[in-house]
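So you can see what is in the structure, the chains are spelled out below.
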Amino acid sequence: MEEKTNGLRDQQIRRRRINRMKMSIVAFGAVWILILTISTIVLLMKIIFLEDRMDKIAESVISVEQFVENQNQKNAGSPEGKIPDTVSDNTMPDSQEAQTDGNAAKTDHIIPEEERRKVYLTFDDGPSENTARILDILKEHNVKATFFVTGNEEETAKELYRRIVDEGHTLGMHSFTHKYDVIYQSLDAYIEDMTHLQSYLEEVTGVTTNFIRFPGGSSNHVSNVDMHELIRYVNEQGFTYFDWNVASGDATSQVYTPDELVQNVINDVVKYDTSVVLMHDSSAKGTTVEALAPMIDQLQEMGAELLPIDETTKPVQHITADNVE
Ligand SMILES: [Zn+2]
């Protein structure tokens, strides 16, 4: 009897042990499955992340290659490689550019005249000791400008008026005396001064000019006469007056270096399709002469067209002539 009960207890113990072993095998398997599942998920995420990174790297490699290729084409296409990208982009789409060789691109890169920025260099107050140097620099660069001159009856001055005309520049009138307290005293005083200058220039150069620049500009605050009265008179005479929208700064109380004068001009020229640049031709303005060659170079590198004022020039006026009846 006792043996029977012992045998039963042994059986129960064995069964429990087997059950425990089964449970631990199941638990072990479950843990393994869990670990494998988590590992697989982590690995899959890593693969997706790496693929994404590879795509991005590939994209950036392609864009760097395209950039280098475009730069090479642009350098080959623009004269001396100096026309800025913004200008050359307007003239030719990249796809078209890519089909042209270096030589063809060079001619195709010339910007149509109507799209080029127009810049009128103007010099007030001459002739002076610097006029000949200014004319020399303009000639070297094959650039025409405009001179708003004053009256000077010396022989050397007469030569300079003639040189201005002979070398293709525009002769404009500033004032004979350039004395504000005389010319702006009354309408009659202004008329007398301008009539005197016009007939004097006719006599010396044979040219009758109708282009004028008021001393101090049409917006000056020194005139005793209402400027609208003077504008009415010049309109009646068929004169066209030009103020300026770009000042080199060569007549301000601040003394600029030649580099700064160039920078002043470039900074403003970029704002306009048509720029009338104010400079001075006077013996005291040596920095203007020094600034001239680098200024011309930089303007031409920008693709600007440097022109003398003529009948087709859009007037730049501080007080608009059309508003004065
Ligand atoms: Zn002046």
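Rules used in this analysis
Counting of residues starts from 1 at the beginning of each chain's written sequence and follows it residue by residue. Thresholds applied to this predicted model are a pLDDT of at least 70 for local features of residues and 80 or more for the giving and counting of side-chain atom pairs; totals over whole chains, interfaces and linings are not thresholded and use all residues. Just so you know, side-chain values use all the structure's heavy atoms and leave hydrogens and water out. The salt bridge criterion pairs a side-chain nitrogen of Lys or Arg with a carboxyl oxygen of Asp or Glu, the two atoms within 4 Å. By definition, any uninterrupted DSSP run of H or I lasting at least four residues is a helix, any uninterrupted run of E lasting at least two residues is a strand, and each is numbered from the N terminus. Only protein chains enter the accessibility calculation, which uses a 1.4 Å probe; a residue whose area is less than 20% of its type maximum is buried, one above 50% is exposed, and one in between is partly exposed. Here, strands pair whenever DSSP counts at least two bridges between them. A right-handed crossover is one whose linking path, passing over the helix from the first strand to the second, runs clockwise when the strands point away from the viewer.

**As for the pattern of salt bridges**
Part 1: Per the counting criterion, the structure on display carries 7 salt bridges.
Part 2: Between D124 and R213 there is a salt bridge, and its shortest N-O distance comes to 2.7 Å. Of the two residues, D124 sits in strand β1 (residues 118-124) while R213 sits in the loop between β4 (211-212) and α9 (227-237), which places them 89 residues apart along the sequence.
Part 3: For D124, a relative accessible area of 3% gives the class buried.
Part 4: For R213, a relative accessible area of 0% gives the class buried.
Part 5: E155 serves as the salt-bridge partner of K158, at 3.4 Å between the closest nitrogen and oxygen.

**Description of the pairing of strand β2 (residues 146-150)**
For a regular strand, side-chain orientation follows a simple rule: the groups alternate between the two sheet faces.
Part 1: For β2, the tally of buried residues reaches 5 of 5 residues, placing the bulk of the element in the interior.
Part 2: Residues T146, F148 and T150 of β2 are buried on one face, and the alternating residues F147 and V149, pointing to the opposite face, are buried as well.
Part 3: Note: β1 against β2, 3 bridges, orientation parallel. When the bridges of β2 are listed, D124 appears paired with F148.
Part 4: What joins β1 to β2 is helix α5 (residues 131-140), and the crossover it makes is right-handed.
Part 5: In this sheet, strand β3 (residues 170-175) lies alongside β2 in parallel orientation, the contact comprising 5 bridges. Bridge pairing in β3 links T150 to S175.
Part 6: In the classification by handedness, the crossover that spans β2, the intervening helix α6 (residues 155-166) and the parallel β3 is right-handed.

**Quick look at unusual backbone geometry**
Part 1: The amide bond that connects G126 to the next residue, P127, takes the cis arrangement and shows omega of 0 degrees.
Part 2: Of note, P127 is situated in the loop between β1 and α5.
Part 3: One non-glycine residue with positive phi stands out, namely H178, at about 55 degrees.
Part 4: Its location among the elements puts H178 in the loop between β3 and α7 (180-183).
Part 5: Take H178: its relative accessible area is 25%, and that puts it in the partly exposed class.

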